[in-house]
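Each chain, letter by letter, is given below.
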Amino acid sequence: MGNGISGHCLCGNVAYEYLGEVGPAGYCHCEDCRRCTGSAFNISVRFDASKFRIISGDPKGFTKLGESGNELTRHFCPECGSPLFTSSPRHPDCVYVKAGSLDDPTLVRPEHQSWTASAVSWSRIEREIASFAKGST
Ligand SMILES: [Zn+2]
Ligand SMILES: [Zn+2]
């Protein structure tokens, strides 16, 4: 522990620390990201794998070939199911951390989006939609 960047899952069982530079964030619209997040798209931040470590809990990994043909392992909390990060043998030097798991969300700087051909129409929030600053009424 130190002055690193930290993050954790919803229940707090799995926590991580990162002592490197925060890479750019990217949106991914692929079908696998839609399914594993349960949302319209995934947003992940690139971290240097050698400076990233799990400091509590034991995330479970699920490996699947992506639409790209690359093997991806998605790591998540076995207690609450929160998706936490993705790793790939093709890029062993990096981990792609789910943006929403960071304790300081202001560190997230999206610079690109990928698999836009798979994007769903509801990935964009229309300005006119009913909006509530707090809660849902
Ligand atoms: Zn959890
Ligand atoms: Zn994806």
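Residues numbered from 1 in each chain as written. Chains lettered and ligands numbered in written order. Predicted model: local features only at pLDDT ≥ 70, side-chain atom pairs only at ≥ 80, totals over all residues. Heavy atoms only, no water.

A. Quick look at the pairing of strand E4 (residues 42-48). The pairing of strand E3 (residues 25-28) with E4 spans four bridges and is antiparallel. In the sheet register, Cys28 faces E4, and the bridge partner there is Asn42. Two strands pair when backbone bridges link them, and E4 and strand E9 (residues 94-98) are joined in this way by five bridges, in the antiparallel orientation. Bridged to Asp48 within E9 is Cys94. (Pairing = 2+ DSSP bridges. Helix = DSSP H or I, 4+ residues; strand = E, 2+ residues; numbered from the N terminus.)

B. Examining the pattern of salt bridges more closely. Counted under the stated rule, the structure contains five salt bridges. Its salt-bridge partner being Glu31, residue Arg35 comes within 2.9 Å of it at the nearest N-O pair. Residue Arg35 and its partner Glu31 are both found in helix H1 (residues 31-37); the two are separated by four residues, about one turn of the helix. Since its relative accessible area comes to 63%, Arg35 is described here as exposed. Residue classification places Glu31 among the partly exposed positions, given a relative accessible area of 35%. Across the pair Arg109 and Glu111 runs a salt bridge whose closest N-O atoms are separated by 3.4 Å. (Salt bridge = Lys/Arg side-chain N within 4 Å of Asp/Glu carboxyl O. Buried < 20%, exposed > 50% of the residue type's maximum accessible area, 1.4 Å probe, protein only.)

C. Examining the coordination of the zinc ion (ligand 2) more closely. The protein atoms that coordinate the zinc ion (ligand 2) are Cys28 (SG), Cys30 (SG) and Cys33 (SG), at distances of 2.2 to 2.3 Å. Read from N- to C-terminus, the donor residues coordinating the zinc ion (ligand 2) fall into the pattern C-x1-C-x2-C. A relative accessible area of 12% places Cys28 in the buried class. Residue Cys30 is classed as buried on the basis of its relative accessible area, which comes to 8%. (Donors = N, O, S within 2.8 Å, 3.2 Å for Na, K, Ca; no water.)

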